[in-house]
Amino acid sequence: MGDCDVSFEFEMEIPSKTLKRASIALLVALLMTTAGCSSFAGGDAGGTTAATDTADTTEMTASDVEGAANETTSTDDATAAETTSANETNESSDSASDADSDSHSHDSPTNASDESTVDAAYTGQMAVMVGGERVSLTEDLDEDAPIHMSDVDSWHTNESTTLVEALDAADVDATESSLTYDGETYEESEDGTKLIYRVDSHEVDPEEYTLESDDKVWVLVVTDDSNVTAPGEYIPPEQLHVHGTIDFSVDGESVDFSRDKYQQAGHNDHFHFEGGHSNPWHAHSAHVTLAYGMSTLDGINMTDESVTYNGTTYPYDGENGTVSVTVNGESVDPTDYYLKNGDSVSIEIESAD
């Protein structure tokens, strides 16, 4: 009998283990068939030996092929598992990102800067607002300045630097009671002028305070004649913005700002609560007044004369009870008090009934 010509022409995608194994079986059968054709070529012992050798070789080849195929299958399975795991990780990450897309600093407020990658002994964030305008520290700092900015918010330094020294590098001449910038001097003693130096939530003396890593510094000059109206210029979530706490109670019962009606979705960009938390509140401007912020909340309105809660108006003069509005323990006019980082707000209503 003549040599067998066996040819197969096929295209196949192998989407699963089952099909892969079926293909392996087909390949083994093909090899065995080829071995059988070789044994028919001669009827002597030599031909039989050659056929046996060929069959042995074929069996080894088939075994090797199957082993290689199994290794490929295992590799494919491992790759698929890795891909599935990576996809699950990405989906989990995406879900976490979506769930917390605007949760910019419940526990440790940060921005999306390169601050963490800067090789420096001290790093932190800083915002300087003078008369309603933000001082651009990135433009004003010289190369030999004691601190440097990696972006609009983030500073870094390798030397011990006081807040005054850092501000001086940006042509801001500051003392505890005065500040000079762009040729104009602001004195704390003047009526309607307030100078605020805060690190995190604490008031500091800029001449004595030495910057430390992770410090979030706010310097504000607020004047009565500042051409600023609430809510002021918007600060994006990834930049340094204002946080604080609040206790709002009516007849001894605290208002729960973690409820859906007070949360971020569909709410105000300049002032809000978020992430299912009742504290902190977030103010995305240095010029959000307490009255503006509270009046953005469902069922609450605040003016210079009264507080309205769930349809009942409580004047400050005590007509429907007593109303106390304080920030950091001091009484304020909520219509002209700008919320500052670290402010602790307390609103207490005791009805006359």
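Residues numbered from 1 in each chain as written. Predicted model: local features only at pLDDT ≥ 70, side-chain atom pairs only at ≥ 80, totals over all residues. Heavy atoms only, no water.

Let us look at the sheet that holds strand β17 (residues 312–315). Strand-to-strand pairing in sheets goes through backbone hydrogen bonds, with the strands running parallel or antiparallel. Reading across the sheet, the 3 strands line up as β15-β16-β17 and stay open at both edges, with antiparallel pairing between neighbours. Because the sheet does not close on itself, it has two edges, and the strands there are β15 (300–302) and β17. Sheet twist, expressed as the mean angle between neighbouring strand axes with direction ignored, is 15°. Where strand β16 (residues 306–309) lies against β17, 4 bridges are found, and the strand directions are antiparallel. Within the sheet, the bridge partner assigned to S306 lies in β17 and is P315. (Pairing = 2+ DSSP bridges. Helix = DSSP H or I, 4+ residues; strand = E, 2+ residues; numbered from the N terminus. Axes fitted to C-alpha atoms, helices over the stretch in contact; angles between N-to-C directions.)

Now for the layout of surface pockets. Taken as a whole, the largest pocket encloses approximately 490 Å³ of empty space. Together, 20 residues line the largest pocket, and K194, D336, Y337, Y338 and K340 are the ones closest to its centre. Among the elements of the structure, β8 (193–199), β10 (215–223) and β19 (330–331) are those that each provide at least two residues to the lining of the largest pocket. When the residues that make up the lining of the largest pocket are grouped by side-chain class, the tally is 7 nonpolar, 5 polar and 8 charged. (1 Å grid on protein atoms, 1.4 Å probe; cavity = no way out; pocket = protein on both sides within 12 Å on 5 of 7 lines; lining within 4 Å. Points joined across faces, edges and corners; volume = space filled by probe spheres on them. Nonpolar A, V, L, I, M, F, W, Y, C, P; charged D, E, K, R; others polar.)

With respect to the helices, strands and loops of the structure, D144 is situated in the loop between α3 (137–140) and β3 (148–149). Taking the C-alpha atoms as reference points, D144 and A169, separated by 25 residues in sequence, lie 8.9 Å from one another.

We now examine the pattern of salt bridges. Counting across every chain of the model gives 4 salt bridges. For R198, the salt bridge goes to E203, with nearest N and O atoms at 3.0 Å. The exposure class assigned to R198 is buried, which follows from its relative accessible area of 5%. Note that K261 is salt-bridged to D298, the shortest N-O span being 3.9 Å. Residue K261 is found in the loop between β12 (253–254) and β13 (271–272), and its partner D298 is found in the loop between α5 (290–295) and β15; the two are separated by 37 residues along the sequence. Judged by relative accessible area, K261 falls into the partly exposed class, the value being 32%. If you follow the salt bridges from partner to partner, you end up with R198, E203 and D343 in one network. (Salt bridge = Lys/Arg side-chain N within 4 Å of Asp/Glu carboxyl O. Buried < 20%, exposed > 50% of the residue type's maximum accessible area, 1.4 Å probe, protein only.)

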